[in-house]
Amino acid sequence: MKPLLTLKKTLQHSLSAQQLKSGKCLASLKGYDKDGVEGMEFSGRNTRGHRVMGIVPSCALGSMFLAHKDLLWNVPNNWTLEDAATVPMAYATAYYALVLIGKMKKGESLLVHSGSGAVGQAAIRLALHTGCTVYTTVSSLQKREYVKQLFPQLEDSNIGSSQDISFEELVMSRTEGAGVDLVLNSLAEDKLQASLRCVAQRGRFLELGKADFFSNKVLGMDVFLKEVNFCGVSLINVFSSSEWRHKIQEALNEGILNGMVQPLPRTVFTDSEVQKAFRYLASPKHMGKVLIRIRPEENKKQVLPLPKMIPARPRFYCNPENSYVISGGIGVFGVELADWLVQQGARKLVLTSDLELTSYHNWRIGIWRSQGASVVSCTADTTSKSAVMAVLSKANDLGPVDAIFCLPKRACSSRVCRLVSRFWADSCGSHKSSCPALLWRRRSRGLWTSWSASEGFWALET
């Protein structure tokens, strides 16, 4: 069953420091739009004019997009949309990590790194509400005072520094050598190792950071002698699980009703200050949330906002009901083109090549199929008219052919890539054989004939 989606018009968008730091890595994960990693939370109005806030896998940094109904919340009457934009990601991450994965209970102890950040603040608020003892770290004296002002119930001696590993001595001293039951970590390298040593017997270590994951750093096995659980936490996995979506939606609704979930401090930039917002986000001085105001909020609680006209970069989208043929689709360029088409919405692909499928190809095809795509691979001599007819027949069985891409069968150096005529000959055999066969079908059916757009290739569409 297809997920129920609702069109949203954004009024406030929140930026995340974690996205900024690891956006390149996140783009390789399932569920992320490679052309729009930035933007996972927002507040705005739906098509009925109601005020909502929510989370999407990507591309919330825009004026309009589709959102899943399970990760939407109504904005309380006493909140502004600016307030609402600070809430979804921080509290959803804190609840997902500490409650759903970490099984945090009343009376336990918790170490939260970067307590002045949005997730840190949400985690501290959730832990204190649950009845836990909280230790936290900050990177400056200014942020220390900031956290003490936000959470006066925190003991001053429970706040350490994240600039070095001195927090390890603080935690072990305050717990008389026992350590804490949970660690919510966002630090890397030696600070990650020190955080691990702070975990108590049978404790839980919840890793939010991605730097050590993607650099494949060695963890060390001795820590597991204490029967410690090490869990990586990535909220992107929630989008593929209806159970987790419903639990997070219910948890935030309950938190809003009982007063635990409160808007976070924020710094707001306008839609003409995007570069300035990212620069501020990348600086070590920012605290709380960083917001971009797409448009001002209307005075009425329910109103349909007028369309906002902005300069925009046109994007190519594929019709999931149509099929797409890639001649030379098993080659280096073909595999990447197929992946890009799937990211743009294509769900029916036909790959032709004279190369045999390898384990790598099967792995990539498996990824596309896990995203809902149907992939047919076949060996065909595209220099003949009959072979082209057979390929297009297979494609039409999947759906109307929307585009045909002719690519080289073998990878070449960038120097050779610039020789378009040699690529054309390599892809189609010769000007007098394959090209007329493919172009004949294009002229008779109105299909596209396209060429790779990378490394100086040119493209032709009709």
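Quick note: structure is the one above.
Read on for a plain summary of the structure. Since the structure is predicted, the reported quantities are computational estimates derived from the model, not experimental observations.

Calculation rules
Residues numbered from 1 in each chain as written. Predicted model: local features only at pLDDT ≥ 70, side-chain atom pairs only at ≥ 80, totals over all residues. Heavy atoms only, no water. Salt bridge = Lys/Arg side-chain N within 4 Å of Asp/Glu carboxyl O. Helix = DSSP H or I, 4+ residues; strand = E, 2+ residues; numbered from the N terminus. Buried < 20%, exposed > 50% of the residue type's maximum accessible area, 1.4 Å probe, protein only. Arc of directions from axis to C-beta. Contact = heavy atoms within 4.5 Å. Phe/Tyr/Trp six-rings, centres within 6.5 Å; stacked < 30°, edge-to-face > 60°. Pairing = 2+ DSSP bridges. Axes fitted to C-alpha atoms, helices over the stretch in contact; angles between N-to-C directions. Parallel < 35°, antiparallel > 145°, perpendicular 65-115°, else oblique. Left-handed = near helix turned anticlockwise from the far one by under 90°. Nonpolar A, V, L, I, M, F, W, Y, C, P; charged D, E, K, R; others polar.

1. What to know about the pattern of salt bridges
Part 1 of the reasoning: According to the stated counting rule, one finds 20 salt bridges in the structure shown.
Part 2 of the reasoning: With a closest N to O distance of 2.7 Å, Arg174 and Glu155 form a salt bridge. Of this pair, Arg174 sits in helix α6 (residues 166-174) while Glu155 is found in the loop between α5 (141-150) and β8 (159-161), placing the two residues 19 residues apart along the sequence.
Part 3 of the reasoning: Under the relative-accessibility criterion, Arg174 is labelled partly exposed at 36%.
Part 4 of the reasoning: Three or more residues joined by partner-sharing salt bridges are found here, namely Glu82, Asp83, Arg266 and Arg293.

2. Topic: α6
Each turn of an α-helix holds 3.6 residues, which means side chains three or four residues apart point in the same direction.
Part 1 of the reasoning: Residues Phe167, Glu168 and Val171 constitute the buried set of α6. Seen from one end, α6 has its buried residues packed into an arc of 105°, which puts them on one side. Within α6, the exposed residues directed more than 90 degrees away from the buried face are Glu169 and Ser173.
Part 2 of the reasoning: Residues of α6 that are buried in the fold lie against β6 (109-112), β7 (133-138), β8, β9 (180-185) and α7 (190-197).
Part 3 of the reasoning: Of the residues flanking the end of α6, it is Glu176, one or two places downstream, whose phi is positive at about 55°.

3. Some remarks on the packing of aromatic side chains
Aromatic ring pairs: the centre-centre distance and the angle between the two ring planes describe each pair.
Part 1 of the reasoning: This model, assessed by the stated rule, comprises five aromatic pairs.
Part 2 of the reasoning: Here the aromatic rings of Tyr96 and Trp244 are separated by 6.2 Å at their centres, their planes lie at 75°, and the arrangement is edge-to-face. Here Trp244 lies in helix α9 (residues 242-258) and Tyr96 lies in helix α3 (residues 88-101), a separation of 148 residues in the sequence.
Part 3 of the reasoning: Look at Trp244 and you get partly exposed, because its relative accessible area is 25%.
Part 4 of the reasoning: Consider the rings of Phe269 and Tyr280, whose centres lie 5.8 Å apart with planes at 55°: the pair is tilted. Of the two residues, Phe269 sits in strand β12 (residues 266-270) while Tyr280 sits in helix α10 (residues 274-282), which places them eleven residues apart along the sequence.
Part 5 of the reasoning: Taking relative accessible area as the criterion, Phe269 reaches 6% and is therefore assigned buried.

4. Describing the sheet that holds β8
In a beta sheet, neighbouring strands pair by backbone hydrogen bonds and run either parallel or antiparallel.
Part 1 of the reasoning: Strand order in this open sheet of six strands is β8-β7-β6-β9-β10-β11, and the pairing throughout is parallel. What marks the edges here is a single partner per strand, and that holds for β8 and β11 (229-232). Strand-to-strand twist in this sheet, taken as the mean axis angle between neighbours without regard to direction, amounts to 15°.
Part 2 of the reasoning: Two elements, β9 and strand β10 (residues 199-207), share five bridges in a ladder whose sense is parallel. Note that in β10 the partner of Asn185 across the bridge is Glu207.
Part 3 of the reasoning: Sitting on the sheet, α7 is in contact with β9, β10 and β11, with an inclination near 145° to β10.

5. Description of the pairing of β6
Part 1 of the reasoning: Where burial is concerned, the two faces of β6 agree: the one with Ser109 and Leu111 and the one with Leu110 and Val112 are both buried.
Part 2 of the reasoning: Note that β6 and β7 share four bridges and pair parallel. Note on β7: the bridge partner recorded for Val112 is Thr136.

6. Topic: the packing of α3 against α9
Part 1 of the reasoning: Direction vectors running N to C along α3 and α9 enclose 115°, while the axes themselves pass 10 Å from each other. One element, α3, and the other, α9, form an angle in the roughly perpendicular class. Handedness of the α3/α9 crossing: right-handed. Every residue of α9 that contacts α3 at Pro88, Tyr91, Ala92, Tyr95, Tyr96 and Leu100 is listed here: Trp244, Lys247, Ile248, Ala251 and Leu252.
Part 2 of the reasoning: Of the residues that constitute the contact of α3 with α9, the class distribution is ten nonpolar, no polar and one charged.

Any functional reading would require information beyond the geometric quantities listed.
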